[in-house]
Amino acid sequence: QVQLVESGGGLVQAGGSLRLSCAASGSIFTINAMGWYRQAPGKQRELVTTITSGGSTNYADSVKGRFTISRDNAKNTVYLQMNSLKPEDTAVYLCNADVVRRGYFRSSAFWGQGTQVTVSS
């Protein structure tokens, strides 16, 4: 199986910064895209940002210019640098990875357990 473990969430004041990490481990052959989603109370899960294995990125309009995604392929780890945080960024942030497991031809999506980010005004 494959496990994704997030870290780095917490409480921060508006305008502050946080850096999230998500490390994938297990029976991994290769990882295609990795990304971050978030879910606020009473709201649907939304895409924040994604990054391909080659480093191409995509961002939600609400975080462009404030958030930066990066990855270390050797460590199977993806990062999310969040700057200029706003109260509306408060949510559980979940890591996602499209993984080809050893012995498999097709990829499967795996999710982390989520990490809470709270931004106070």
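What you are looking at is a predicted structure, and each value in this text was computed from that prediction instead of being measured. (Residues numbered from 1 in each chain as written. Predicted model: local features only at pLDDT ≥ 70, side-chain atom pairs only at ≥ 80, totals over all residues. Heavy atoms only, no water.)

Q: I keep staring at the pattern of salt bridges and nothing clicks. Help me out?
A: Side chains that carry opposite charge are capable of pairing whenever their charged atoms lie near each other. A complete count under the given rule lists four salt bridges for this structure. Close ionic contact of Asp 89 with Arg 38 constitutes a salt bridge, the shortest N to O distance being 3.0 Å. Within this pair, whereas Asp 89 is found in the loop between strand E8 (77-82) and strand E9 (91-101), its partner Arg 38 is found in strand E4 (residues 28-39), the two being separated by 51 residues in sequence. Take Asp 89: its relative accessible area is 0%, and that puts it in the buried class. A residue is classified by how much of its surface remains accessible, and Arg 38, at 6% relative accessible area, is buried. For Arg 66, the salt bridge goes to Asp 89, with nearest N and O atoms at 2.7 Å. With Arg 66 in the loop between strand E6 (57-59) and strand E7 (67-72) and Asp 89 in the loop between E8 and E9, this residue pair connects regions lying 23 residues apart in the sequence. The class for Arg 66 is buried, based on a relative accessible area of 9%. The structure contains a network of salt bridges with shared partners spanning Arg 38, Glu 46, Arg 66 and Asp 89. (Salt bridge = Lys/Arg side-chain N within 4 Å of Asp/Glu carboxyl O. Helix = DSSP H or I, 4+ residues; strand = E, 2+ residues; numbered from the N terminus. Buried < 20%, exposed > 50% of the residue type's maximum accessible area, 1.4 Å probe, protein only.)

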